[in-house]
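Working through the structure, step by step
Chain by chain, the residues run as shown.
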Amino acid sequence: MEMTNSRRRMSRSEREGYNSRTPLIQGFHAAMAIHFFCFAILIHVAVAAGVQHSSIESVPELERAMYITVDGTPCVRLLNLSGEIGCANPGRVKVTAPIKQLENAGEHLDQPLALLLPSHEMEAVFNRILNEPGFAQQVAGLFIEYGIGSQIHASGFSPDKTFPQAEFAPYENKTYLWNPVGGGILQHSYNFPVFMLSQDSTAVLQELVFLVVTGEAWGYLGSRRFLAELTSGADSVNGLSSALIDQVVEIGSVGKAMTEGVPTFFAHTQQESDSTQAIAKALERAAASFGSEVIKVERASTSNPGIPPSSLMSFLNKDPSTPGIVLEDFNTTFKNSFYHSHLDDSQNVNSSSITAAASLVSRTLYILANNGSGSNTILQSINVNESLVEELVGCLLSCKPGLSCRLVKELITPTQICANHYVGVMLGTPSSSPYPSSIDDTAQFIWNFLAERTSIPREDSYPCSQDCKNSGELCVGLRIDQKGECMLSTTRYVPAYSTRLAYESDSWKVISAQPNDTMGKFDPVWTESFWKTLEVRVYMQQNPFFDEIILLSGLAVTLGSFIAIFSTKAVFMKALKNA
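Residues numbered from 1 in each chain as written. Predicted model: local features only at pLDDT ≥ 70, side-chain atom pairs only at ≥ 80, totals over all residues. Heavy atoms only, no water.

1. Things to note about the overall build of the protein chain
- A tally of regular secondary structure across the protein chain gives 14 helices and 26 strands.
- Considering the protein chain as a whole, with its 579 residues, one finds that 47% of them fall into the buried category. (Helix = DSSP H or I, 4+ residues; strand = E, 2+ residues; numbered from the N terminus. Buried < 20%, exposed > 50% of the residue type's maximum accessible area, 1.4 Å probe, protein only.)

2. Overview of the confidence of the model for the protein chain
- Looking at the protein chain, the pLDDT average stands at 83 and 85% of residues meet or exceed 70.
- Looking over the protein chain, one finds the lowest element-wise mean pLDDT in strand β3 (residues 43-45), namely 27, and the highest in strand β18 (residues 324-328), namely 97.
- The low-confidence segment residues 1-54, where pLDDT is below 50, has 288 contacts with residues more than four positions distant or belonging to other chains. (pLDDT = per-residue confidence, 0-100. Contact = heavy atoms within 4.5 Å.)

3. Some words on the environment of Pro308
- By secondary structure assignment, the location of Pro308 is in the loop between β17 (296-299) and α7 (312-318).
- Taking relative accessible area as the criterion, Pro308 reaches 0% and is therefore assigned buried.
- Measuring from C-alpha to C-alpha, the distance between Pro308 and Thr333 comes to 8.6 Å, with 25 residues separating the pair along the chain.
- Every residue in contact with Pro308, bar those within four places of it in the chain, is listed here: Trp178, His268, Met313, Glu328 and Phe330.

4. Topic: the sheet that holds strand β21 (residues 484-488)
- With antiparallel pairing, the three strands of this open sheet are ordered in space as β19-β21-β20. Looking at strand neighbours, the two that pair on one side only are β19 (463-464) and β20 (473-476), the edges of this open sheet.
- Looking at chain direction, β19 and β21 are connected through two bridges and run antiparallel. From the neighbouring strand, Pro463 faces β21, where its bridge partner is Glu485.
- Across the sheet, helix α12 (residues 441-453) lies against β20 and β21, angled at about 125 degrees from β20, the strand it touches most. (Pairing = 2+ DSSP bridges. Axes fitted to C-alpha atoms, helices over the stretch in contact; angles between N-to-C directions.)

5. Things to note about the sheet that holds strand β25 (residues 527-528)
- Read from one edge to the other, the open sheet built from four strands follows the order β11-β6-β5-β25, with strand pairing classed as mixed. Each edge of the sheet is formed by a strand with only one pairing partner; in this case those strands are β11 (189-190) and β25.
- Bridging between strand β5 (residues 77-79) and β25 involves two bridges; their strand directions are antiparallel. Among the inter-strand pairings, Leu78 is bridged to a residue of β25, identified as Glu528.

6. What about the state of the cysteines?
- Across all of its chains, the model carries five disulfides by this definition.
- Through a disulfide, Cys399 is tied to Cys418; the S-S separation comes to 1.9 Å. Handedness here is read from the sign of the S-S torsion; for Cys399 and Cys418, about 125 degrees, the answer is right-handed. With Cys399 in the loop between α10 (386-396) and α11 (406-409) and Cys418 in the loop between α11 and α12, the pair connects residues that are 19 residues apart, well separated along the chain.
- Relative accessible area serves as the criterion here: at 37%, Cys399 is assigned to the partly exposed category.
- Between the sulfur of Cys464 and that of Cys475 lies a disulfide, 2.1 Å long from S to S. Residues Cys464 and Cys475 share a disulfide whose torsion about the S-S bond is about 95 degrees; that sign makes it right-handed. Of the two residues, Cys464 is situated in strand β19 and Cys475 in strand β20; the sequence distance between them amounts to 11 residues.
- For Cys464, a relative accessible area of 3% translates into the label buried.
- By relative accessible area, which is 1% here, Cys475 ends up buried.
- With its bonded cysteines labelled in order along the sequence, the protein chain shows the pairing 1-2, 3-5, 4-6, 7-9, 8-10. (Disulfide = S-S within 2.5 Å.)

7. Let's talk about the pattern of salt bridges
- Enumeration according to the criterion identifies 11 salt bridges in this entry.
- Ionic pairing is found between Glu284 and Arg299, a salt bridge with its closest N-O pair at 3.5 Å. Linking Glu284 in helix α6 (residues 274-288) with Arg299 in strand β17, this pair joins segments that are 15 residues apart in sequence.
- According to the relative accessible area criterion, Arg299 is partly exposed, its value standing at 36%.
- For the salt bridge of Arg406 with Glu410, the shortest nitrogen-to-oxygen distance reads 3.2 Å.
- Classification of Arg406 as partly exposed rests on a relative accessible area of 46%.
- Classification of Glu410 by relative accessible area gives partly exposed; the value is 41%.
- Connected through salt bridges with shared partners, the residues Arg224, Asp517 and Asp523 form a single ionic network. (Salt bridge = Lys/Arg side-chain N within 4 Å of Asp/Glu carboxyl O.)

Here it is in C-alpha cells:
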C-alpha cells in the first residue's frame, strides 16, 4: 500500500444567505476524513485485488497491473493559532506498508501496518493510538470502512466532544454532556494518513429575517460574521441593524423528533423574560392549532445548564439580553447519535419530522409577527409542502439524486453530484457576490432557492447574465447555458470567516478580539495545511518465501553457468592442444 497526503491551504468563505435558517450544513467537515466533511474531497483509494494481464510490455502497463484505484475521502491537517488537528504523513515521502484487517481494537501489532478497520472500531482504535505510543508507532495508516451495519448505528458515533465548542458557552458548566456519544477524536493530531472508504409565506406585520448559516461547528463562524457585518454596517446587510433584533427563533436539530409516531420538539432557553415567554407561548399556540394532527412542544429541562450548542450563543455573546429559543428534537442530550459525523446524512433524518418542524415554526412566526394574535383561519391555512421537503433532503443530504435533482438544475449548473457540506476555502478578497465564480454549488443553490421563493412577483421581469439594472433586483437562476431572471428580492450573501481575520493589502491578517467579544477570545482561527494530491495506491506483495526461491534459483543458474563455461573451456583447450 502507498499513501500520499501532500498539502493545500484553507481559510473559508461560508454561506450565509439570508432567508432561512436550517441546520443544512453541519455533518461533514474535513478535520478528519471520517467526515468527511461529505464532506467531499474525491481521492483515489486502492484496494488489493487480483488482476490478470496477458502481457506487460511497458512501465505504465506494469503500474496499471500493480495498482487499482477506488474512491475514498482523506483525513487532512487543519491548523489554528494554538496548534493543529487532523492527519498528515510523518514526512514528505509516501507511506508504504502492508495492509492488515484489524478484527478488534486490542489486537497486537508487531510491525508497521496500514490497518483496515470496521467503522464501529474507529473510536476505540483512535483512543488506543492516543494512549499507547508503542501501538501508535506501528500504525502506518488507517483505512476505515464507511459504516454500513447495525453495530455503529446501534451505539452511535460522533467524533466531536461531549460538549461541542464548550469554550463559547455563556455559562460556567463546560462539562455538561450535550453529546453523550462524543468521543473527541476529531480534536487531535495524527501523524499518519487516514482514508474513509466510500459507499456505493404569508404577509406579516413585523419584518422577518431568515438566516442560513454554516461553519457553526468551527467557532460559530457564520453567525458571528453575520453579527459583525451588522455592527459595521456592511453593504451586504444594508438595511438591517443588530439594534432591530427583537427575538430569535432558531431551528436546531429537528430530524429525529418522531416519538411513537408523534413529532415532539423541545424549546431551549437561556433566560426567562417576557419576550422569551412570548416565543414559548407562540410555539404552544402553533402546536395546538394542528388539532388532530398532533405536534407536541415541551419546555426543555430546567436541569440543563443553558441552551445547547447553537447559533443563539453568538447572539447572546453580542447582547446577553437577546430573547431567543432554540427548537430541538431532544431534551437533555443529543438524540442524533452521529453529530459531526459522516453518518449524519439523509438516512439519519425523518423528512416528516422536518416537515412538522417547518410547519410549527411557520405558524409560530405568523403569531409572533402579529404580536401574539392573528387570524385562526390564516394560521390554520399555513402548511408546509412535504414533497418539497423530501425533495430538498434528496438534493442536499444524499448523492442520489444529489445536486442532479430538478430543484437544483432549475437554478444552477452544478459541478458535482454530492452536495459539499464542508465549510470550504476562502481565496482572495472576501466578496458578497453569490455568483458561480465566487461560491460552490451548495451555497449557489441555497441562495438562488431562497431568492426565488421570497421574491416579489412582477410582470416585467427580464433575462440577465449577472447584474440587474434596477435597484433591489437580483439575477436568479443563472446557469452556464441559460441566462437568469431579474427578480425583486432582499436575499443577501455574507461570506463567513473568523471575526479575528482581516483582509488587508492582498493578504490575511490575524487581529485581536474586541474587548467585549468573549467568543472572539476563544476563536482558534482555523486554516488548512497545504496538499497537492490525496491518494492511496495498493499493490500485491508476494510471500518472502518466493523471493528466497528466486534468489536460490538465480544462484543455481549462476553457478551452473560458471561450471558449464569452465567445463566447455577445458574441453576446448584440450581439443586445441590435440589439434
